[in-house]
Amino acid sequence: MYNRHSLDDTIAALSTAPGQAAIAVLRVSGAEAIPIVNEGFKGKNLEKTESHTAHLGFLMDAEGGVIDQVVVTLFRGPHSYTGEDTVEISCHGSTWIQQAILNRLIQLGARAAGPGEFTFRAFIHGRMDISQAEGVADLIAAESSAEARLALSHLRGGISKEIAGLRSRLIEFASLLELELDFAEEQVEFANRSQLKTLLEEAILKVQGLVDSFRLGNAIKQGINTVIAGRPNAGKSTLLNALLQEERAIVSDIPGTTRDTIEEVLHIEGIPFRLIDTAGIREAQDQIEAIGVQRTHDKIRQSSILLYVFDVTGLKPAEVQSDIAVLKHPDLEIILIPNKMDLNPYAHPEDFVMEGITPSDIIPTSARNNMNIPYLKERLLQSVTGNHDLLSQNILSNSRHLDCLQRVKEHLRRALEQLNSGGGHELIAMDIRQALHYLGEITGEVTTEDLLESIFTRFCIGK
Amino acid sequence: MFPPYDVIVVGAGHAGCEAAVAAANMGSRVLLLTMNMQTIAQMSCNPAMGGVAKGQIVREIDALGGYSGIVTDHTMVQFRMLNRSKGPAMWSPRAQSDRNLFARKWRTLLEAHPNIDFWQDMGSGILVKEGRVTGVRTAMGLEIESKAVVLTNGTFLNGIIHIGEKQYGGGRAGEKAAQGITEQLVSLGFESGRMKTGTPPRIDGRSLHYERMELQAGDEPAGKFSFTDTPRLEKQLPCHITYTNGEVHEILKTGFDKSPMFAGRIQGLGPRYCPSIEDKINRFADKERHQLFVEPEGWDTCEVYINGFSSSLPEDIQYKALKKIEGFEEVKMFRPGYAIEYDYFPPTQLSTSLETHLIKNLFFAGQINGTTGYEEAACQGLMAGINAHLAIHEEEPFVLRRSEAYIGVLVDDLVNKGTNEPYRMFTSRAEYRMLLRQDNADLRLTPLAFKLGVGGLEARMDAVKTKQGGAAQIEAFVKSASVSPDQMNGYLESIGSATLSQKVKLLTILLRPEISLPALGEKIPVIGDFLSAFPEDSVELAEIDIKYEGYLQRERDLVDKMNRLEEMKLLDNFNYKAITSLSAEAREKLSRHKPRTIGQASRISGITPSDISILLVHCGR
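Computed from a predicted structure; not experimentally measured. (Residues numbered from 1 in each chain as written. Chains lettered and ligands numbered in written order. Predicted model: local features only at pLDDT ≥ 70, side-chain atom pairs only at ≥ 80, totals over all residues.)

Colleague: Before we move on, could you go through the overall build of chain B and cite the residues and values that matter?
Modeller: Along chain B, the regular secondary structure elements total 21 helices and 22 strands. Its C-alpha atoms give chain B a radius of gyration of 26 Å, within 12% of the compact-globule value 25 Å for 621 residues. Expressed as lengths along the three principal axes of its C-alpha atoms, the size of chain B is roughly 80 × 70 × 50 Å. Here chain B, with 621 residues, has 55% of them falling under the buried criterion. (Helix = DSSP H or I, 4+ residues; strand = E, 2+ residues; numbered from the N terminus. Rg over C-alpha atoms; globule rule 2.2 N^0.38 Å. Buried ≥ 20, exposed ≤ 12 C-beta atoms within 10 Å, placed from the backbone.)

Quick look at the structure:
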């Protein structure tokens, strides 16, 4: 609770609509807004610049790498939308960039804003009259019901289970602490330090796993490595071009580190696919080509999707199968592309159904004629989203969850330190309570009733 | 026949007695109405005060001018500070009292108060005029007028006692139940419910073989509850510990078919943390034995209380089972344990002053609010008594925050969350456990009560100033003084702590976990000389402040954040129904609970953070 309506921290959020766009604006508001942005900004010293000025520069990540070239606009309070010091960051509109900047701001000390929180602050600071504010109240209600809907449903199946698992683990841990504090006189067996330590370490691992899985989610935004491979002349480059055609405008060339693979980014409904065109696979004729083939294999190992392209007029199912057997790895989703269908309209793509390849994994195309290219895109998108409606995923709520989980982790770490250094249970419990509080922002509040319930169901309490 | 009273307190248990004293200490003329003058301040269950979290409450009651701590100090037969091995936030005083002395001492103190009158009669209803209480109606047919009424009916409202298949009306063993009040309150629009609690058999101590049990002695020297100069216990009585066993369990099981609990004759919900012995055996079937505490009832009685053996099984089953307990082979029973069901009123019908929403100047305290425990009851009585006086004078109610007292946590939980089972305090219910310690209850609360005008606090106020001033000087000394290897190394070596190679600040030594300030005072002359000018409690306070500074500061920071919401007031007549952006549940609950502050609203179950944002917007903050 206290986190939610606190006015003394600095909040950040994307202010433009989430998703792919030409540009995006992130807003940071609060007492520390200017120092926080300044810390990550390479350009003018923002702390020394006037209100209502705009500055071109770069937003840097923690390692000193450039995230994006941006324009920051300064509004010193009270002359800002919220009445507080505010910085607006205009960046390029890629979702990856938006997310990276937001994550960086959180890393620098901002908190991901809750729904309607900027407007709420504007109201608190008298920047808005009551009739406007009533509109805001409705907005908050609308946004938060949407948020509530999003919150868990958008965590993909496995993740929401993980969070539930973490919640019950922490409740178990907290109840073991409280058991000894409140029921020291009872004849029950209290957890020993090493038992508590194991529980806590497991919980930390779980949080770490969740944080990582959110990162994985963000990797979706950074781009899904998609390798196009096949024998020479299968039509790989034609397919690449066909896929990129409509997207040219927002495609950026990423300089390849190798001479022989070309990477392009394709956005399908806002989700970037990093398409990697590779050298043809065949028995190496010379050493240079051998290196190229080796790189193809390396790229495939780093990828999650393989588009295996072949000339439908040339290759037999057995040959395809033997190629795939060499290329596949457990995390790789393989889509078969029988290409050049225009040259052999009587080919039967279903002939290529084989072990690990179902009919839905086969998309016959004629890359030259754009045949089935939209269908292939749909298939690519589906391989990422599964049956979930990822497209309406709220970027902000994701960051908020990550933010919460990182705080959970921080408090668990402190609790572990205390546990290791022999601190009292009541001191460890302070951090566990904070951790539960932040977890509660995702899962719903964890009350002392939950803890007591956990104690009473497992231990025979009561003189 | 009666002078005009300010406050009538109905019931003279722990809640009623404290309520009467509190209102009287504020200056109100009080009538204490009880069914039986001989059972004032009865300990109906075990003869003990305090315990984990409860001991903190008794200290708070004392700091606010209540008598529970004083009475306990005068009547205890044993004292123990529980959780001594843990940090100071967990230390919890607990005392066994002489049951008869306890009640007698209370009566003596009440009789000594010029503002308190007594009347023996049963309250059968309240008088109400235009939504305001105007007095009490009694079973004798009298109408006694007052400006405020505090109901502390305990387990008496339509009480039914169960022993096996027998059941009869009663408020306590050998005492009749109170009828009429529930029915009247329900007709006035109150919602009522049923709760259940139980008590173990009482035993003839002469029939026990104590030598076959474990001895549990009190602390030496004994501590005490009151911040006033009550006497310190010199000689103590021991308690004993024994255990049930498989044979005992088997015998108890033969009575399960006659158990009023298992047969469903009892509908009220009992406390999970105070289960009957049959409940323990039933729910934790794989547990081979359960601990029992054999507690003396007083100095000059052989009556013994079997803590942990609460039961409502038939008396012959209880008796047969007891006989199989180690040391109980020849046991004689004075009376069997029983379960009691009684009416309560869900406390969400109260405001934080414990005044009912429905009827002005009508207050509820104790088990009528669904709580259990003497300490929980007593502190509600105290708060209701103070607030009854304030209400009469149209003054702002006296409400303690969750960050100020366990009492604040208790009242806030009750009125905002309500309770389904008898509510007992646990330290885990408090967010700010480090701040709400038993040792600083006086610093936290006495100045508040003194400022409010609670009488009889002068001595306590002086003690607070001395303690606080002393602690401040000691802290300054510890932070500024340096100690040399010559002064320290001998002692440090003797306790296996790292020795010094040069002069260091005393503070750095004290921060070592193995070092304590009183011990330094004893062993190091220069420190001892300095500390000797201060009372013990100043030394203790200074040490806690120094050793736990970081944690205390973290909690204070949390309190500051939280207080923002606590300071945002909501109006009683706020029309929540008109705010369509609130969820339907929020509109309904806020209208019913009538929270006084945004903070309070945020703790009502079912109120979401977004509801709070919307409220904040609407109340123009």
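Colleague: So what about the overall build of chain A? Which residues, and what values?
Modeller: A tally of regular secondary structure across chain A gives 14 helices and 12 strands. For chain A, with 463 residues in total, the buried portion stands at 42%. Pairs at least 24 residues apart make up 68% of the contacts formed inside chain A by residues separated by at least 6 positions. (Contact = placed C-beta atoms within 7 Å.)

Colleague: Tell me about the nonpolar core, residues and numbers included.
Modeller: With 171 residues, the main nonpolar core has B:Ala20 and B:Val150 as its most contacted residues. In this view, B:Val150 contacts B:Val7, B:Val9, B:Val10, B:Ala19, B:Phe363, B:Ala365, B:Ala384, B:Gly385 and B:Ala388; residues no more than four positions away in its chain are not counted. Counting 51 residues, the second largest nonpolar core, distinct from the first, contains A:Ala33, A:Ile36, A:Ile67 and A:Leu105. (Core = buried A, V, L, I, M, F, W, Y, C linked by C-beta atoms within 7 Å.)

Colleague: So what's going on with the packing of helix H9 (residues 374–392) of chain B against helix H10 (residues 406–417) of chain B? Residues and values would help.
Modeller: Residues and elements named next belong to chain B. Running from N to C, H9 and H10 cross one another at 85°; their axes reach a closest spacing of 10 Å. Considering the angle they form, H9 stands roughly perpendicular to H10. Along the contact surface, H9 presents Glu 376, Cys 379 and Met 383, while H10 presents Ile 407, Leu 410 and Val 411. Among the residues forming the contact of H9 with H10, the class breakdown is 5 nonpolar, no polar and 1 charged. (Axes fitted to C-alpha atoms, helices over the stretch in contact; angles between N-to-C directions. Parallel < 35°, antiparallel > 145°, perpendicular 65-115°, else oblique. Nonpolar A, V, L, I, M, F, W, Y, C, P; charged D, E, K, R; others polar.)

Colleague: Quick rundown of the packing of helix H2 (residues 54–63) of chain B against helix H11 (residues 441–452) of chain B? Include the residues and the values.
Modeller: Residue and element names in this part refer to chain B. At a closest axis distance of 8 Å, the pairing of H2 and H11 adopts a crossing angle of 35°. Considering only the axes of H2 and H11, their crossing is right-handed. Residues Gln 56, Arg 59, Glu 60 and Ala 63 of H2 pack against Ala 441, Asp 442, Arg 444, Leu 445 and Thr 446 of H11. (Left-handed = near helix turned anticlockwise from the far one by under 90°.)

Colleague: Before we move on, could you go through unusual backbone geometry and cite the residues and values that matter?
Modeller: Peptide bonds are, in most cases, trans, and in most cases residues other than glycine have a negative phi. With an omega dihedral of 5°, the bond running from A:Gly77 to A:Pro78 counts as a cis peptide bond. Mapped onto the elements of the fold, A:Pro78 is located in the loop between strand E5 (66–75) and strand E6 (86–92). Cis rather than trans, the peptide bond between B:Glu220 and B:Pro221 has omega equal to -5°. With respect to the helices and strands, B:Pro221 occurs in the loop between strand E14 (214–216) and strand E15 (239–243). Phi at A:His52 takes a positive value of approximately 55°, unusual for a residue other than glycine. For A:His52, the position within the fold is in the loop between strand E3 (41–42) and strand E4 (53–60). Non-glycine residue A:Asn372 carries a positive phi angle of around 65°. Within the secondary structure, A:Asn372 sits in the loop between strand E12 (333–339) and helix H11 (373–385). The class of A:Asn372 is buried, set by 20 C-beta atoms lying within 10 Å.

Colleague: Tell me about the confidence of the model for chain B, and name the residues and values.
Modeller: Residues shown with low pLDDT carry predicted positions that ought not to be read at fine detail. Residues of chain B with pLDDT of at least 70 account for 99%, and the chain-wide mean is 93. In the predicted assembly, ipTM is 0.83 and pTM is 0.77. (pLDDT = per-residue confidence, 0-100.)

Colleague: Please provide a residue-by-residue account of the domain arrangement of chain B, values included.
Modeller: Interfaces are often sized by the amount of accessible area the parts lose when they come together. Residues and elements named next belong to chain B. Its domain assignment divides chain B into domain 1 (7–72 + 106–200 + 342–452), domain 2 (202–337), domain 3 (465–552) and domain 4 (567–618). If you average the C-alpha positions of domain 1 and of domain 2, the two centres end up 27 Å apart. Facing 30 residues of domain 1, the contacting portion of domain 2 comprises 33 residues. For the side of domain 1 that touches domain 2, the secondary-structure elements that each account for two or more residues are strand E3 (48–50), H2, helix H3 (68–75), strand E10 (160–163) and strand E12 (193–199). Here the residues of the side of domain 1 that touches domain 2 are counted per class, giving 10 nonpolar, 12 polar and 8 charged. (Domains from an automatic or database assignment.)

Colleague: Outline the pairing of E10(B), supporting the account with residue identities and numerical values.
Modeller: All names here are of chain B. Judged by which residues are buried, E10 turns out to be covered on both faces: Ile 160 and His 162 on one side and Ile 161 and Ile 163 on the other are all buried. Here E10 folds back onto strand E11 (residues 166–169) in antiparallel fashion, the turn holding 2 residues, of which Gly 164 has a positive phi close to 55°. Judged from the 3 bridges that link them, E10 and strand E19 (residues 338–344) form a sheet pairing that is antiparallel. The residue bridging His 162 from the neighbouring strand is Ala 339, located in E19. (Pairing = 2+ DSSP bridges.)

Colleague: Could you give an account of the sheet that holds strand E16 (residues 291–296) of chain B, with specific residues and numbers?
Modeller: Residues and elements named next belong to chain B. In spatial order, the strands read E14-E15-E16-E17-E13-E18; together these 6 strands make up an open sheet with antiparallel pairing. Both edges of this open sheet fall to E14 and strand E18 (333–335), since each of them pairs with a single strand only. In this sheet, adjacent strand axes meet at a mean angle of 35° when their direction is disregarded. Strand direction decides the pairing type here: E15 and E16, joined by 4 bridges, are antiparallel. The residue of E16 that forms the bridge with Tyr 243 is Gln 291.

Colleague: Quick one: what's the story with the confidence of the model for chain A, residue by residue and with numbers?
Modeller: Residues and elements named next belong to chain A. When pLDDT is averaged along chain A, the result is 78; 75% of the residues meet or exceed 70. Here helix H1 (residues 2–5) is the element of chain A with the lowest mean pLDDT, 46, and helix H2 (residues 33–40) is the one with the highest, 95. For residues 387–397, every residue scores under 50 in pLDDT, and the model assigns this stretch 23 contacts once sequence neighbours within four places are set aside.

Colleague: Requested: an account of helix H18 (residues 549–566) of chain B, with residues and values cited.
Modeller: In a regular helix each residue adds 1.5 Å, so 18 residues correspond to 26 Å; H18(B) covers 25 Å between its end C-alpha atoms and thus fits that length. Of the residues making up H18(B), those classed as buried are B:Tyr551, B:Met562 and B:Leu565. (Expected span 1.5 Å × (residues − 1).)

Colleague: How would you explain H2(A) if you had to name every residue and give the values?
Modeller: Those residues of H2(A) lying buried are A:Ala33, A:Ile34, A:Ile36, A:Val37 and A:Asn38. If you follow the buried residues of H2(A), they end up packed against strand E2 (23–29), E3, E5, E6 and helix H3 (95–107) of chain A.

Colleague: Which residues make up the sheet that holds E4(A), and what values do they have?
Modeller: Residue and element names in this part refer to chain A. Spatial ordering of the open sheet is given by E3-E4-E5-E6-E2-E1-E7, a layout of 7 strands whose pairing is mixed. Taken across any chain shown, the strands that pair with only one partner, and hence form the sheet edges, are E3 and strand E7 (111–112). Across 4 bridges, strand E1 (residues 11–14) lies against E2 in antiparallel orientation. Within the sheet, the bridge partner assigned to Leu 14 lies in E2 and is Leu 26. Here H2 sits on the sheet and contacts E2, E3, E4, E5 and E6; the angle it forms with E6, its principal contact strand, is near 35°.

Colleague: Give me the environment of A:Asp8: which residues, what numbers.
Modeller: Topologically, A:Asp8 is positioned in the loop between H1 and E1. Sequence separation of A:Asp8 and A:Glu32 is 24 residues, and the distance between their C-alpha atoms is 9.1 Å.

Colleague: Now, about the environment of B:Val294: what can you tell me, with residues and values included?
Modeller: Residues and elements named next belong to chain B. The residue Val 294 is located in strand E16 in this model. In this structure, the C-alpha to C-alpha distance between Val 294 and Gly 205, residues 89 residues apart in sequence, is 9.2 Å. Ignoring anything within four residues of it in the chain, the contact list for Val 294 reads Leu 208, Met 213, Cys 239, His 240, Thr 242, Val 304 and Ile 306.

Colleague: Give a detailed account of the pairing of E19(B), specifying residues and quantitative values.
Modeller: All names here are of chain B. With 7 of its 7 residues buried, E19 lies for the most part within the structure. Side-chain alternation along E19 places Tyr 338, Ile 340, Tyr 342 and Tyr 344 on one buried face and Ala 339, Glu 341 and Asp 343 on a second face that is also buried. The pairing of E12 with E19 spans 7 bridges and is antiparallel. Across the sheet, Gly 193 pairs through a bridge with Tyr 344, a residue of E19.

Colleague: I'd like to hear about the environment of B:Phe225, residue by residue, with values.
Modeller: All names here are of chain B. One can find Phe 225 in the loop between E14 and E15. With 26 C-beta atoms counted inside 10 Å, the residue Phe 225 sits in the buried group. A sequence separation of 146 residues divides Phe 225 from Phe 79, and the C-alpha atoms of the two residues are 9.5 Å apart. The contact partners of Phe 225, leaving out residues within four places of it in the chain, are Gly 50, Val 58, Arg 59, Asp 62, Gly 69, Thr 72, Asp 73 and Pro 93.

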